[in-house]
Structure formats: structure tokens, C-alpha cells
Amino acid sequence: MIEQFVNFVIRPPRAEYNPDQYLWEPEFTLAGRKYKRIDLELSNERNQTLKCSHYVPAIIPENTALPCVIYCHGNSGCRADANEAAVILLPSNITLFALDFAGSGLSGGEYVSLGWHEKQDLKSVVSFLRKNKEVSCIGLWGRSMGAVTSLLYGAEDPSIAGMVLDSAFSNLYELMLELVDVYKIRVPKFTVKMAVHYMRRVIQRRAKFDIMDLNVVQFAPKTFIPALFGHASSDVFIQSHHTDRIHQAYAGDKNLIKFDGDHNSARPQFYYDSVSIFFYNVLNPPQFPSACSNKLEKYYNRGAGTNESLLYEIINGLRAAGTDAGSSSAAAASFTNATKSVVELLTERVNQLSVKNDSDLVS
């Protein structure tokens, strides 16, 4: 049973997938605009291959740099986990970089380390993007192990513009003690700590890291990057008090969102809306040319849900602008669906303002 628990930590089920089936296509259309997936390989400091994908607009105006968010997956995940993030980020002119950490997915490596070695993988990605003249600032979006990875890296690189941290653990040793109880591992109570220390030595020997070093909360007071924390209220794998501890100790601008669900459940729409607005504010992507751009910026700066009528006014203005530009449709209709999310409204915005030809780039 202890051997199974060790594998549960450093060798969870590995995602095996076909990129052509489980990732966005090499060329695809989203919200009326064309994008492309650029696959590449990087090497980390341990000389292991990292399989990566960068999602960017098919056409980027000359001398234009776009912000980029790096998506960091969980311990059994892969870059396919970033597919939803593409829908959130790309319509806002924010590119998306996804990777398989070493020991995960199609990358090299045998074991995961729940953030310790993954931090170096992330460093390799950031270094690569810094050399790309079409990338401006960089944000991080991590879930579970990926959230820990982002926090560990962010503590060393204050130039990161913002981080979304979903379901991070505060201390790996304490988490392992909790999991022994949660998963009812048959170890007598008085020997639990002894068993965890035995696992510590096994993990150290195999995966080359010490679980005692992953006291993540100690890095929070040293990190000043704007951060949006998220955690499911019914998560029993990593309980929400872990995020509470990190959030309380965190030194930078911060916000915490709790939502229904468990560790692996789909995140609610209002959470994705908050993520979208957070990255728009901290990354400041180039705006689409529009008479309503000032209103849009005003909406984002106010935050999610503070004035829905303002956003409806933006959409109506965009439709009116489309009519004035020679649309064959009738006059712009009033906005009637009051239940649409920010992401859906962003999609409509992109549909109205997408680049149709090269001449549009001049304007």
C-alpha cells in the first residue's frame, strides 16, 4: 500500500494522447478569427525534452507584440488541459503557451515532483518566450501541481505580470499526512508519520527531490505578483484551507474565489469570467480597433459583474458600428439575452471586429 502511495505522488497515471486528436488543430477558427498551433520542443536543465504548443493569431500586425499566458497542468495532466484556456484568452489578443512538464504527457522524464523540478521546466519556457519579439509580457495559469509550480517560479521572477493559482497545496508533507487519512491507507495511527518519512526517503531516491522542501506557503510573503486564487469548496484531495493559508500570507495584490465542485470538476463560468478580466487587466493586451474601445476598457477596469448594462451598451455599439460599416443587416437590435457570460460577449466582440483582410491591419 505504501508503494502505491509513493507512485500516487511521483508516478500518477500518465496522460497518453494524440496531439492531432486532443489539441486544437494546427489551423483553426475561433470566434470568427483564424489562429494557429505551433508545436515545438524545448529542453530543461536536466536535458529532458519538453513537448510544447504555442497558440497565436494566424496574422499578427507588424511590430506588434502580444502578451502570453503559460498554462501549467496538474500532476496527471498534459497540455491538452489548456484547451479551455484558449477560448478564454485568445479572443482578448492574449496568446497561450502549453507544455507537458517532464514526467508528464509526451515529454521526457520518468517522475513528476509536484512543482519542484517543474519550476525549472517553467523557467525554460519563460526563457524561450523572452527571446520571442512577438511576445510582450507573460502571465501564468496553474492548476494543482501547476499552481504550485507557478508560485515557486513567481517567487524568483518578479517580472511575471500576473498569476492564476487554482487549487495549490500549501505544504506537501502536511498534504501527504492528510491523504493517508482521506484515502484510508491501512497504517496504524501511531506509525503514520513514520510511514510518511519512509516515503520521503523513497521519493528522494527516485524522483530526486525532498518533500520537506515543498513548504509552499513560505514563498507567499516573498511574492508580489498580482494573483487570482481559486479553489473548489468540496475538494477532498487538496482541501481549500491550503489555498486559504497561501492567500493569507501572500504579499502581492490578491483575490480569492471559492466555487462549488471538487478537485477535478469543471470550473464554473463566473470563475472563467474572473480569469478573463484578471488577465486583461494585468497583461493589457492590444485592443481591437473600435469606437467602443474606451467603454470596453472601462468595463474591464471595473471588474466582473459590476455594471452589466455597460457591457450591453458596448455590444450594441459594436453592432451599430457594423451596420454603419455597410452591413446588410437591419439596424442593431437591442441586447436581449441577459444571461450571457463575459466569455460569450467577448466572442461576439471578436466576431464583429475580426481581421478580414490585410487592409484591416493598416487601420
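Residues numbered from 1 in each chain as written. Predicted model: local features only at pLDDT ≥ 70, side-chain atom pairs only at ≥ 80, totals over all residues. Heavy atoms only, no water.

## Observations regarding the overall build of the protein
Convention followed: Secondary structure elements follow DSSP: runs of H or I no shorter than four residues count as helices, runs of E no shorter than two count as strands, and numbering proceeds from the N terminus. Only protein chains enter the accessibility calculation, which uses a 1.4 Å probe; a residue whose area is less than 20% of its type maximum is buried, one above 50% is exposed, and one in between is partly exposed. We call two residues in contact when some of their heavy atoms are within 4.5 Å. We get accessible surface area from the Shrake-Rupley algorithm with a probe of 1.4 Å; when it comes to residues, only the shown protein chains can shield them.
Helix and strand content of the protein: 13 helices and nine strands. The buried share of the protein, reckoned over its 363 residues, is 52%. Residue pairs at least 24 apart in sequence account for 70% of intrachain contacts in the protein once pairs closer than 6 positions are excluded. Here the protein displays about 16,300 Å² of accessible surface, and carbon together with sulfur accounts for 50% of that area.

## What to know about the side chain of Ser 144
Following the sequence through the fold, Ser 144 ends up in the loop between strand E6 (135-143) and helix H5 (145-154). For Ser 144, a relative accessible area of 6% translates into the label buried. When sequence neighbours within four positions are dropped, the list of residues in contact with Ser 144 reads Gly 74, Asp 166, Ser 167, Ala 168, Ile 238 and His 263.

## Points about the nonpolar core
As a reminder of what qualifies: In plain words, nonpolar cores are sets of buried Ala, Val, Leu, Ile, Met, Phe, Trp, Tyr and Cys residues tied together by side-chain atoms within 4.5 Å.
Ranked by size, the top nonpolar core spans 61 residues in total, and within it Ile 70, Phe 97, Phe 169, Leu 172, Met 176 and Ile 203 carry the most contacts. Residue contributions to this core peak at seven residues, all from helix H7 (residues 192-207). Not counting chain neighbours up to four residues away, the residues in contact with Phe 169 comprise Leu 114, Val 148, Leu 175, Leu 214, Val 216, Ile 238, His 242 and Ile 246. Of all hydrophobic cores here, the second largest spans 33 residues; its members include Leu 96, Ile 257, Tyr 271 and Phe 278.

## Description of the packing of helix H1 (residues 2-10) against helix H6 (residues 172-182)
As a reminder of what qualifies: Angles run from 0 to 180 degrees between N-to-C directions of axes, and those axes are lines fitted to C-alpha atoms, restricted for helices to the stretch in contact. Orientation is classified from the angle alone, with under 35 degrees giving roughly parallel, over 145 giving roughly antiparallel, 65 to 115 giving roughly perpendicular, and any other angle giving oblique. Handedness of a crossing follows from how the near helix is turned relative to the far one, being left-handed for an anticlockwise turn of less than a right angle and right-handed for a clockwise one. Polar here means any residue other than Ala, Val, Leu, Ile, Met, Phe, Trp, Tyr, Cys and Pro, which are nonpolar, and Asp, Glu, Lys and Arg, which are charged; Gly is therefore polar.
One way to put it is that H1 packs onto H6 with a least axis distance of 12 Å and a crossing angle of 130°. Our classification of the angle between H1 and H6 gives oblique. In this structure, H1 crosses over H6, and the sense of that crossing is right-handed. Along its contact with H1, which presents Phe 5, Phe 8 and Val 9, the element H6 presents Met 176, Leu 179 and Val 180. Looking at the contact of H1 with H6 residue by residue, the class counts come to six nonpolar, no polar and no charged.

## Side note on the confidence of the model for the protein
Applied cut-off: What pLDDT expresses is the predictor's confidence in each residue, scored from 0 to 100.
Residue-level pLDDT values for the protein average 84, and 77% of them are 70 or greater. Note that pLDDT drops below 50 for residues 290-296; the model gives that stretch 13 contacts with residues more than four away or on any other chain. Taken together, the stretch residues 303-347 has pLDDT below 50 and engages in 66 contacts with residues farther than four places along the chain or on a different chain.

## Let's talk about the packing of aromatic side chains
As a reminder, the rule being used: In this analysis, rings of Phe, Tyr and Trp, with Trp reduced to its six-membered ring, are considered paired at centre separations within 6.5 Å, and the interplanar angle assigns stacked below 30 degrees, edge-to-face beyond 60, and tilted for intermediate values. The rule for a charge over a ring is simple: NZ of Lys or CZ of Arg within 6 Å of the ring centre, and within 35 degrees of the ring normal.
This structure, assessed with the given rule, holds 13 aromatic pairs. Arranged with centres 6.1 Å apart and planes meeting at 75°, the rings of Phe 28 and Tyr 55 form a pair that is edge-to-face. In this pair, Phe 28 sits in strand E1 (residues 27-30) while Tyr 55 sits in strand E3 (residues 49-57), placing the two residues 27 residues apart along the sequence. The exposure class of Phe 28 is buried, given its relative accessible area of 7%. Here Trp 141 and Phe 279 contribute two aromatic rings whose centre-to-centre distance is 6.1 Å and whose plane-to-plane angle is 45°, an arrangement assigned as tilted. Taken together, the residues span a long stretch of sequence, with Trp 141 in strand E6 and Phe 279 in helix H9 (residues 269-283) at a distance of 138 residues. On the accessibility criterion, Trp 141 (4% relative accessible area) is buried. The buried category is assigned to Phe 279, whose relative accessible area is 0%. Three or more aromatic residues joined by ring pairs make a cluster, and in this case those are Tyr 71, Trp 141, Phe 259, Tyr 271, Tyr 272, Phe 278 and Phe 279. A cation sits over an aromatic face here: Lys 119 above Trp 116, 4.9 Å from the ring centre.

## Considering the pairing of E6
To keep things clear, this is the line we draw: Pairing between two strands is assigned when DSSP locates at least 2 bridges connecting them. Look down the strands so they point away from you; if the path from the first strand over the helix to the second goes clockwise, the crossover is right-handed.
Counted residue by residue, E6 has seven buried out of nine residues, so it is predominantly covered. Two strands pair when backbone bridges link them, and strand E4 (residues 66-72) and E6 are joined in this way by six bridges, in the parallel orientation. The residue bridging Val 69 from the neighbouring strand is Gly 139, located in E6. What joins E6 to strand E7 (residues 162-166) is H5, and the crossover it makes is right-handed.

## Examining the pattern of salt bridges
So the rule is basically this: Salt bridge, as applied in this entry: a Lys or Arg side-chain nitrogen positioned within 4 Å of an Asp or Glu carboxyl oxygen.
A full pass over the atoms with the stated rule returns 13 salt bridges. The closest approach of N and O atoms between Lys 123 and Glu 45, which form a salt bridge, is 3.6 Å. On the criterion of sequence distance, the pair formed by Lys 123 in helix H4 (residues 118-130) and Glu 45 in the loop between strand E2 (33-43) and E3 is long-range, its members being 78 residues apart. With a closest N to O distance of 3.2 Å, Glu 156 and Lys 119 form a salt bridge. Taken as a pair, Glu 156 in the loop between H5 and E7 and Lys 119 in helix H4 lie far apart in primary sequence, 37 residues in all. Each of Asp 20, Arg 37, Asp 39, Arg 79 and Asp 100 takes part in salt bridges that share partners, so that together they form one network.

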